[in-house]
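One-letter residues, chain by chain:
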Amino acid sequence: MSTDASSLTTQDLEFLRRPLHGFLSVAGGPLPPQPRPVWFEATAEGTIQLFTDPDSLKVRRLRRDPRASIVVAAPVGERERWLSIAGRTTVEPDGAHDLCARLAARYWDLDDPARADDLAGILAADQVRLVIHPETVSRYMY
């Protein structure tokens, strides 16, 4: 395992651009933490972003304490690899719908009418964008 104080490497970004699920934990939650699976996007600037309902419990917790972490692991059948990214998180009012559309195209087959309808429903609702600004990056690659 290695830890880099605050930045994602080129190899990290390549790994994170795959359609993998991340497991998000926010501060101020129950003990032990109860991570939730999420779609996410790694940006060229080295942040991690995701979208959510503005009234969600995670947003309320992040407004009180902006610390969050996300863990992403390679799927079964691949060599063991994971990244853990922790840092301050901002709640951004803009860009969530565009992010949602990009992520839906990555994770779903939008030619499937049911998935296209699911996306339309998400886009019809209010969303905010959560941005994790890495302060600690830990990684393991076997």
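As recorded by an unreviewed UniProt entry, the protein chain carries the name Pyridoxamine 5'-phosphate oxidase family protein and is attributed to Streptomyces xiangluensis.

This next bit is on the packing of aromatic side chains. Across all of its chains, the model carries four aromatic pairs by this definition. Aromatic side chains Trp39 and Phe51 sit 6.2 Å apart centroid to centroid with 70° between the ring planes, which places their arrangement in the edge-to-face category. Taken together, the positions of Trp39 in the loop between strand E3 (36-38) and strand E4 (41-42) and Phe51 in strand E5 (residues 48-52) put the pair twelve residues apart, joining distant regions of the chain. Side by side, Trp39 and Phe51 carry an identical accessibility label, which is buried. A ring pair is formed by Trp82 and Tyr140, whose centres lie 6.4 Å apart and whose planes are at 20°; its orientation type is stacked. Of this pair, Trp82 sits in strand E7 (residues 81-92) while Tyr140 is found in strand E8 (residues 128-141), placing the two residues 58 residues apart along the sequence. With a relative accessible area of 27%, Trp82 lands in the partly exposed category. A relative accessible area of 28% places Tyr140 in the partly exposed class.

The next point concerns the environment of Ser84. Residue placement: Ser84 occurs in strand E7. Taking the C-alpha atoms as reference points, Ser84 and Asp55, separated by 29 residues in sequence, lie 26 Å from one another. The residues touching Ser84, leaving out its near neighbours within four places in the chain, are Ile70, Val71, Thr136, Val137 and Ser138.

Calculation notes
Counting restarts for each chain, with residues numbered from 1 along the sequence as it is written. Thresholds applied to this predicted model are a pLDDT of at least 70 for local features of residues and 80 or more for the giving and counting of side-chain atom pairs; totals over whole chains, interfaces and linings are not thresholded and use all residues. With hydrogens and water excluded, all non-hydrogen atoms of the structure serve as input to the side-chain values. Between rings of Phe, Tyr and Trp, where Trp is taken as its six-membered ring, a pair exists when centres lie within 6.5 Å; planes separated by under 30 degrees are stacked, by over 60 edge-to-face, and by other angles tilted. A run of H or I in DSSP counts as a helix once it spans at least four residues, and a run of E counts as a strand once it spans at least two, with each numbered from the N terminus. Burial classification: accessible surface area is computed with a 1.4 Å probe over protein chains only, and a residue below 20% of its type maximum counts as buried, one above 50% as exposed, and the rest as partly exposed. Here, two residues are considered to be in contact whenever any of their heavy atoms come within 4.5 Å of each other.

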